[in-house]
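# Fold and geometry: a report
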Amino acid sequence: MGRRGFLKSLPVVGAGAALLGGCASQEGAVTGVDRVLSISLGQAESHPSYGSLVSFGERIAEATDGRYGARVYANNSLGDQQETVQLVSDGAIDMAVVSGTQIENSSPRFLPMNVAGVFDDIDHQNRVMLDESIVGELFASLEPQKRLSVLGGYTQGGRHLYTAQGPIESVEDLEGLKIRVQESEIFLRLINNIGGVPTPMAYSEVYTGLQAGVLDGAENNEISYVTQRHYEVAKHFTLTNHLIGFDFLLANTDLLETMDEQDSVALRAAWAETQSEFVEIWKQQTEDATATMLERGVVITEPDPEVFTAIIEETGISLLEDPADFALYEAIRGAAEGGDS
Ligand code: GCU
C-alpha cells in the first residue's frame, strides 16, 4: 500500500497533522501501527516542530508499511530536555528533540556547532547537518557509551534578544539587565560579554520569570517568542541575530539496532526528508511570527551591527580549545557558500 493509501486507512485526524495534510490522533500520534515510538518535545503544539514531528511519524508509518509510527509529546510533558536526554539513553523514551546546548552538556565535542558565527544561515546549517563527511562520526559518537544516536535535527534559526524595557541599542543599554539563558557556558559568556547578567533558567519558566520581574529579558528566535507568548511580558525585540541554534533529534541506539535494517534505514531517510522540508516551513513561519509581533505592538529594534557582532563572534571562537573543535569548526566553515574556511 502506498503512503496515501496507508494513511487513508488510519483513523482520527488531529490539528497539527491537518496542517501538514496527514492523519494523526489529537495527541500527535499515528495510530494503527504495530509499534508507536515516543518522541519528546519541549515546544507547544503551535510551534512548527510539533507538526513536523507528526508528519515524521506518518512518513515512518508509510516507509515501514505500518510496522512503526510515532507519538509526539509536546510541552515537555515527558520531562525537561536534560531529563529526556537521560530517558532516551535509558530507552524509556524512544526519541527526543533537545537544544544544542543540552547535547553540548552531554558531550563537549558538539560545542563547535553551537558557537556564534559558525553558520552563515540556516541553509548552510542544514547542508552541514546532512553531510555525513562532516557530522557522521560526531553523530555516532554517543552510541557506544550513552546509547544515543543523533539523527540530525531542526534549525532554531537566528536568535535575538528581547527585554521588558528598551530599546536595546548598545552594550550600555544592557548593563545590569538579567537575561535568561539556556544552561550553557556559551550563552553565559555571550550575555556577559555583551553587558547583561546571564540568568540560566528552564525554557518553560521564562514566561513567569519575565512576568514576575525576576528576569529583565531573554533571547530566542521569533517563533519561540511568539509561540511561548513572551511578547506579552517583554515587548522590546532587538535583532542581534547572535547565533543560529540547532535542536538535535536523539534516538535510543538499541531501538535502531533492534529494528530490521530496512526499517532503520527507512526511519533515517524519513528524518532527512522531514528535516529538509522543515527549513522552508521555518522560513515561512518566521515571517508569520514577525507579522504577529508587529500586530501585537512589539517594538523591533535593529541595532548597528558594529555594536554586538564582533564581541559575539569572538566569544564563540574563544570557547574552542581542543584541536578537534577547531577541525570541526573549519569543516563547517568550509561548507559555507564560497567555502570560506
Ligand atoms: C528554542 C529551542 C529549544 C530551546 C529553547 C530555549 O526554542 O528550539 O530547544 O529549549 O530555544 O531557549 O531553551
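Quick caveat, the model's predicted, so the values are computed rather than measured.

### Some thoughts on the environment of Ser89
Of note, Ser89 is situated in helix H4 (residues 81–90). The buried category is assigned to Ser89, whose relative accessible area is 16%. When the C-alpha atoms of Ser89 and Leu142 are compared, they prove to be 9.4 Å apart, with 53 residues separating the residues in sequence. When residues no more than four places from it in sequence are discounted, the contact partners of Ser89 are Lys146, Arg147, Leu148 and Asn252.

### Observations regarding the nonpolar core
In this structure, Phe56, Met113 and Phe248 are the most contacted members of the largest nonpolar core, which totals 91 residues. The residues contacting Met113, other than those within four sequence positions of it, are Val118, Phe119, Met129, Val135, Leu138, Phe139, Phe248, Leu328 and Ile332.

### A short note on the layout of surface pockets
The computed volume of the largest pocket comes to approximately 390 Å³. Tallying contributions element by element places strand S8 (residues 236–252) first for the lining of the largest pocket, with 6 residues. Grouping the amino acids of the lining of the largest pocket by side-chain chemistry returns 10 nonpolar, 6 polar and 5 charged. The two domains that each donate at least three residues to the lining of the largest pocket are domain 1 (3–156 + 245–286) and domain 2 (159–244 + 287–334).

### Here we look at the domain arrangement of the protein
Interfaces are often sized by the amount of accessible area the parts lose when they come together. The domain architecture assigned to the protein consists of domain 1 (3–156 + 245–286) and domain 2 (159–244 + 287–334). Each of domain 1 and domain 2 has a C-alpha centre, and these two points are 25 Å apart. Between domain 1 and domain 2, the contact holds 40 residues from the first and 34 residues from the second. Among the residues of domain 1 in contact with domain 2, Pro112, Ala116 and Thr286 are the three that bury the most area, contributing 18% of the side total. Applying the counting rule to domain 1 against domain 2 returns 1 salt bridge. Here Asp120 makes a salt bridge to Arg333, at a shortest N to O gap of 2.9 Å.

### Remarks on H4
Three or more residues of H4 are buried, namely Gln81, Thr84, Val85, Val88 and Ser89. Down the axis, H4 shows its buried residues gathered within 145° of arc, on one side only. For H4, the secondary structure elements touched by its buried residues are strand S1 (35–40), strand S3 (95–99), helix H5 (100–106), helix H8 (143–146), strand S4 (148–163) and S8. Where H4 ends, the next residue or the one after it, Gly91, has phi of about 85°, a positive value.

### Regarding helix H6 (residues 122–129)
With respect to burial, H6 is a largely interior element, 6 of its 8 residues being buried. Those residues of H6 that sit buried are Ile122, His124, Gln125, Asn126, Val128 and Met129. Buried-residue contacts for H6 involve helix H7 (132–140), S4, S8, helix H14 (261–295) and helix H16 (323–334). Its side-chain oxygen placed 3.2 Å from the backbone nitrogen of Asp123, Asp121 serves as the N-cap of H6.

### Comments concerning a negative patch on the surface
Side chains of Asp80, Glu83, Glu183 and Glu205 sit close together on the surface and give a patch of like negative charge. Mapped onto the elements of the fold, Glu83 is located in helix H4.

### Let's talk about the pairing of S1
In this structure, S1 lies alongside strand S2 (residues 68–73), joined through 6 bridges in parallel fashion. Among the inter-strand pairings, Val36 is bridged to a residue of S2, identified as Gly69. What joins S1 to S2 is helix H3 (residues 48–63), and the crossover it makes is right-handed.

### Re the packing of H3 against H14
One way to put it is that H3 packs onto H14 with a least axis distance of 9 Å and a crossing angle of 150°. Classified by the angle their axes make, H3 and H14 are roughly antiparallel. Helix-helix and strand crossings are classified by hand; for H3 and H14 the assignment is right-handed. For the pair H3 and H14, the contacting residues are Pro48, Ser49, Ser52, Leu53, Ser55, Phe56, Arg59, Ile60 and Ala63 in the first and Ala266, Leu267, Ala270, Trp271, Glu273, Thr274, Glu277, Phe278, Ile281, Trp282 and Gln285 in the second. Here the contact of H3 with H14 is composed, by residue class, of 12 nonpolar, 5 polar and 3 charged.

### Observations concerning the confidence of the model for the protein
For the protein, the average pLDDT comes to 90, and 91% of its residues sit at 70 or higher. Considering only residues more than four positions removed or in separate chains, one finds that residues 1–26, a stretch of pLDDT under 50, has 51 contacts.

### Quick notes on the site of the ligand
Around the ligand, the neighbouring residues are Gln43, Gln81, Ser99, Gln156, Arg159, Arg180, Gln182, Tyr203, Asn220, Ser224 and Asp247. Contact distances for the ligand include 2.8 Å between an oxygen atom and a side-chain N or O atom of Arg159. Take Asn220: an N or O atom from its side chain is 3.1 Å from an oxygen atom of the ligand. When the ligand sits alone it has 320 Å² of accessible area, and the protein chains cover 97% of it. Taken together, the residues that form the shell around the ligand break down as 1 nonpolar, 7 polar and 3 charged. Two domains each put at least three residues into the shell around the ligand: domain 1 (3–156 + 245–286) and domain 2 (159–244 + 287–334).

### What to know about the pattern of salt bridges
Under the definition given, this model contains 15 salt bridges. A salt bridge links Asp263 to Arg67, with the shortest nitrogen-to-oxygen separation between them at 2.9 Å. Taken as a pair, Asp263 in helix H14 and Arg67 in the loop between H3 and S2 lie far apart in primary sequence, 196 residues in all. Looking at Arg67, the relative accessible area reads 28%, which means it is partly exposed. Linking Arg109 and Glu137 is a salt bridge whose minimum nitrogen-to-oxygen distance equals 4.0 Å. Here the residue Arg109 occupies a position in the loop between H5 and H6, and Glu137 occupies one in helix H7, the gap between them amounting to 28 residues. Residue classification places Glu137 among the exposed residues on the basis of a relative accessible area of 64%. If you follow the salt bridges from partner to partner, you end up with Arg59, Glu273 and Glu277 in one network.

The rules behind each value
- Residues numbered from 1 in each chain as written.
- Predicted model: local features only at pLDDT ≥ 70, side-chain atom pairs only at ≥ 80, totals over all residues.
- Heavy atoms only, no water.
- Helix = DSSP H or I, 4+ residues; strand = E, 2+ residues; numbered from the N terminus.
- Buried < 20%, exposed > 50% of the residue type's maximum accessible area, 1.4 Å probe, protein only.
- Contact = heavy atoms within 4.5 Å.
- Core = buried A, V, L, I, M, F, W, Y, C linked by side-chain atoms within 4.5 Å.
- 1 Å grid on protein atoms, 1.4 Å probe; cavity = no way out; pocket = protein on both sides within 12 Å on 5 of 7 lines; lining within 4 Å.
- Points joined across faces, edges and corners; volume = space filled by probe spheres on them.
- Nonpolar A, V, L, I, M, F, W, Y, C, P; charged D, E, K, R; others polar.
- Domains from an automatic or database assignment.
- Buried area = accessible area lost by both parts, 1.4 Å probe.
- Salt bridge = Lys/Arg side-chain N within 4 Å of Asp/Glu carboxyl O.
- Arc of directions from axis to C-beta.
- Polar contact = N/O pair within 3.5 Å; in protein donor to acceptor, adjacent residues only side chain to side chain.
- Patch = residues over 30% accessible without salt bridge, like charges linked within 9 Å, V, L, I, M, F, W, Y side chains within 5 Å.
- Areas by Shrake-Rupley, 256 points an atom, 1.4 Å probe, with all protein chains shown as cover.
- Lys, Arg positive; Asp, Glu negative; His and termini not counted.
- Charge placed at Lys NZ, Arg CZ, Asp CG, Glu CD.
- Pairing = 2+ DSSP bridges.
- Right-handed = clockwise from strand over helix to strand, strands pointing away.
- Axes fitted to C-alpha atoms, helices over the stretch in contact; angles between N-to-C directions.
- Parallel < 35°, antiparallel > 145°, perpendicular 65-115°, else oblique.
- Left-handed = near helix turned anticlockwise from the far one by under 90°.
- pLDDT = per-residue confidence, 0-100.
- Near = heavy atom within 4 Å.

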